[in-house]
Amino acid sequence: MTPEQLKASILQYAMEGKLVSQNPNDEPASELLKKIEKEKAELIKEGKIKKSKKSSVITEDEKPFDIPDSWEWVRLGELLKPEISLKPKSSFKYIDIASLNNKINKITNYKTCIIGKDKIPVRATKLVSKGDILYSTVRPYLRNIAIVPDKLDRQIATSGFYVLKPFEPVNNRYLFYLLLSPYLTNAMHEKMKGINSPSIKKSDLKNFSISLPPLEEQKRIVAKIEKLMPLVAEYAEYYNKLQKIDNEFKDKLKQSILQYAMEGKLVPQDPNDEPASVLLEKIQAEKAELIKEKKIKKSKPLPPITDDEKPSDIPDSWEWVRLKNLLKPEVTVKPNFSFKYIDIASLDNKTNLISDCKYYVFGKDKIPVRATKQVSKGDILYSTVRPYLRNIAIVPESLNNQVATSGFYVLKLLNNINTEYIFYFLMSPYVTNSMHRKMKGINSPSIKKSDLNNFLAPLPPIEEQKRIVDRIKELNKLLIMKLN
């Protein structure tokens, strides 16, 4: 259970009357409601508030759970005095949504507005008093909720808040925790409307049916919650440490799987597989055909591989090969067409997927200087800057014939190679650690393309490449299931 789930469970138990025991000597909530009605009548008589329309009766369908006999279901608005709106005529402290820290649900920042000197915010219209509860009607799931402290008594809040002013016989901290509870938050989330700033109406809160305990039990509930919350915070600290350890352990396991794969130890060899030596002959034949058709140029042969360069033993059916011998040349362009642009920030190195690309309209937008690499589906993008970050991804079909930054080395594999095998090869500690050692520079430590081109890749038979990819995916899926 996450700390957030634990906190939500405590608040939900509180609202259902399950957090503290009931005391038969408590004056029941029905008597509390009578006192509220009496106070309301007195304020109406004194002209301090206006008489409001009587709320509708709460139906059984509106009661989502059972509550103790001493409790009552009541519409939230029945417990509240009206808000006070005004146009400020004297200097004041201004509380807007940004003033509130929703991690600790406190007002941590506010601006002092001086009449005659500062431009007064248009939305500075709500007079607040100490003990009032501020509830942001925008995106209620963010729980931008706080109690007004003594130092902000008689100050001004934005109209983006609903200012809840409880009648005296109600414990404002009980209402505060009720507003934070999943029972109310989830209900308000369902009532949200709008796209850019999804919000609720004040009437959604005022008409919402809440569970009201006797006043003495409200106090016991608040005391219990405030005793438990420091323990939840302590639990969160240990939980986050464990999560970090789990994530580090998961990453190490993934790296071990990839390293085993590159050493030929992840799946058994099949003597019926066509050996990698035959695969290399097919690659050479494909390359020769492309040169003959003038689709690629003949390149200078890479130096032969010496025994001293081979970092480890590999199965007999495998071959060591320089990575460039598996690749076609990159395609460099100067875009004269509209395109989706893949830069380093477009790539999520937690998932190794391309998640966000900007669309550039030719003739309208200023084209980035580094937008020079045309990519095709199945190409592998490898960031040459800080290779230890593993900014590596396979280009999906949706980005076929689009443009990437020159910060990537675009690996275009010849047809007889399994793209996903080479992707996992590039992700392996064997490659990452080697490229890390080759980095040069201070501000943006990088490798050269030649560092990758000349690098030795262990090449299995094509059928074994497929089996290795399937096994890595299977093990990664198991890791996610076991450690989450």
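Going by the structure above, here's the rest.
The rules behind each value
Residues numbered from 1 in each chain as written. Predicted model: local features only at pLDDT ≥ 70, side-chain atom pairs only at ≥ 80, totals over all residues. Heavy atoms only, no water. Helix = DSSP H or I, 4+ residues; strand = E, 2+ residues; numbered from the N terminus. Rg over C-alpha atoms; globule rule 2.2 N^0.38 Å. Buried < 20%, exposed > 50% of the residue type's maximum accessible area, 1.4 Å probe, protein only. Contact = heavy atoms within 4.5 Å. Areas by Shrake-Rupley, 256 points an atom, 1.4 Å probe, with all protein chains shown as cover. Lys, Arg positive; Asp, Glu negative; His and termini not counted. Charge placed at Lys NZ, Arg CZ, Asp CG, Glu CD. Pairing = 2+ DSSP bridges. Axes fitted to C-alpha atoms, helices over the stretch in contact; angles between N-to-C directions. Polar contact = N/O pair within 3.5 Å; in protein donor to acceptor, adjacent residues only side chain to side chain. Salt bridge = Lys/Arg side-chain N within 4 Å of Asp/Glu carboxyl O. Phe/Tyr/Trp six-rings, centres within 6.5 Å; stacked < 30°, edge-to-face > 60°. Lys NZ or Arg CZ within 6 Å of the ring centre and 35° of its normal. Expected span 1.5 Å × (residues − 1). Arc of directions from axis to C-beta.

Moving on, we come to the overall build of the chain. The secondary structure content of the chain amounts to 11 helices and 26 strands. For a compact globule of 484 residues, the expected C-alpha radius of gyration is about 23 Å, and the chain comes in at 33 Å, more than 25% above that figure. In terms of overall dimensions, the chain has a C-alpha envelope of 100 × 55 × 40 Å along the principal axes. Expressed as a percentage of its 484 residues, the buried residues of the chain come to 44%. Partitioning the contacts of the chain with sequence separation of at least 6, the portion at a separation of at least 24 is 80%. Split by element, the accessible area of the chain, about 27200 Å² in all, is 51% carbon and sulfur. Seen as two clouds, the 82 positive and the 60 negative side-chain charges of the chain have centres 8 Å apart.

Now for the sheet that holds strand E25 (residues 408-413). Strand order in the open sheet formed by four strands is E15-E25-E22-E23, with antiparallel pairing between adjacent strands. Single-partner strands in this sheet number two, and they are strand E15 (327-328) and strand E23 (392-394). Pairing of strand E22 (residues 380-383) with E25, which is carried by four bridges, proceeds in the antiparallel orientation. Paired with Ile380 across the two strands is Leu411, which belongs to E25. Set on the sheet, helix H8 (residues 419-427) makes contact with E22, E23 and E25; between it and E23 the angle comes to about 175 degrees.

A separate point is the side chain of Asp132. If you trace the backbone, Asp132 turns up in the loop between strand E8 (124-128) and strand E9 (133-136). You can call Asp132 buried: its relative accessible area is 5%. Polar side-chain contacts of Asp132 include one of 2.7 Å to the backbone nitrogen of Ser129. When near neighbours in sequence (up to four residues on either side) are disregarded, Asp132 contacts Leu127, Ala146, Ile147, Val148, Val163, Leu164 and Lys165.

With that out of the way, let us pick up the pattern of salt bridges. The tally for this structure, following the rule as stated, stands at 28 salt bridges. Two residues, Lys473 and Glu420, come together in a salt bridge whose shortest N-O distance is 2.7 Å. Linking Lys473 in helix H11 (residues 462-483) with Glu420 in helix H8, this pair joins segments that are 53 residues apart in sequence. Several salt bridges converge on common partners, so that one network encompasses Glu37, Lys40 and Glu78.

Take the sheet that holds strand E21 (residues 371-375) next. Strand order in the open sheet formed by five strands is E16-E21-E24-E17-E20, with mixed pairing between adjacent strands. The open sheet has two edge strands with one neighbour each: strand E16 (331-332) and strand E20 (358-360). Where E16 meets E21, two bridges bridge the pair, whose relative direction is antiparallel. From the neighbouring strand, Thr332 faces E21, where its bridge partner is Lys373.

A few words on the packing of aromatic side chains. If you walk through the whole model with that rule in mind, you get 15 aromatic pairs. Arranged with centres 6.3 Å apart and planes meeting at 35 degrees, the rings of Phe425 and Phe455 form a pair that is tilted. With a gap of 30 residues between them, Phe425 in helix H8 and Phe455 in the loop between helix H10 (449-453) and strand E26 (456-459) connect regions that are remote in the sequence. By relative accessible area, which is 1% here, Phe425 ends up buried. Ring-pair connections join several aromatic residues into one group, and the members of that group are Phe65, Trp73, Tyr183 and Phe208. Here the basic side chain of Lys18 rests over the ring of Tyr13, its NZ or CZ set 5.9 Å away from the ring centre. Cation over ring: Lys265 sits above Tyr260, and NZ or CZ is 5.9 Å from the ring centre.

A separate point is helix H2 (residues 29-45). Given a rise of 1.5 Å per residue, 17 residues ought to cover 24 Å, and the 24 Å separating the end C-alpha atoms of H2 matches this to within 8%. Every buried residue of H2 is listed here: Ala29, Leu32, Ile36, Glu39, Lys40 and Leu43. With its buried residues spanning 100 degrees around the axis, H2 presents them on a single face. Facing away from the buried side of H2, by more than 90 degrees, are the exposed residues Lys34, Lys38 and Lys45.

The next subject is the environment of Pro166. Its place among the elements puts Pro166 in strand E12 (residues 161-166). Taking the relative accessible area as the measure of exposure, Pro166 reaches 12% and is therefore buried. Sequence spacing of Pro166 and Gly131 is 35 residues, and the spatial spacing of their C-alpha atoms is 8.5 Å. Not counting chain neighbours up to four residues away, the residues in contact with Pro166 comprise Leu79, Leu80, Lys81, Gly131, Ile133, Asn172 and Leu175.

It is worth spelling out helix H1 (residues 3-15) at this point. For H1, with 13 residues, the first-to-last C-alpha span of 19 Å sits near the 18 Å given by 1.5 Å per residue. Listed as buried for H1 are Pro3, Ile10, Leu11, Gln12, Ala14 and Met15. Positive phi shows up at Gly17, right after H1, with a value of about 80 degrees.

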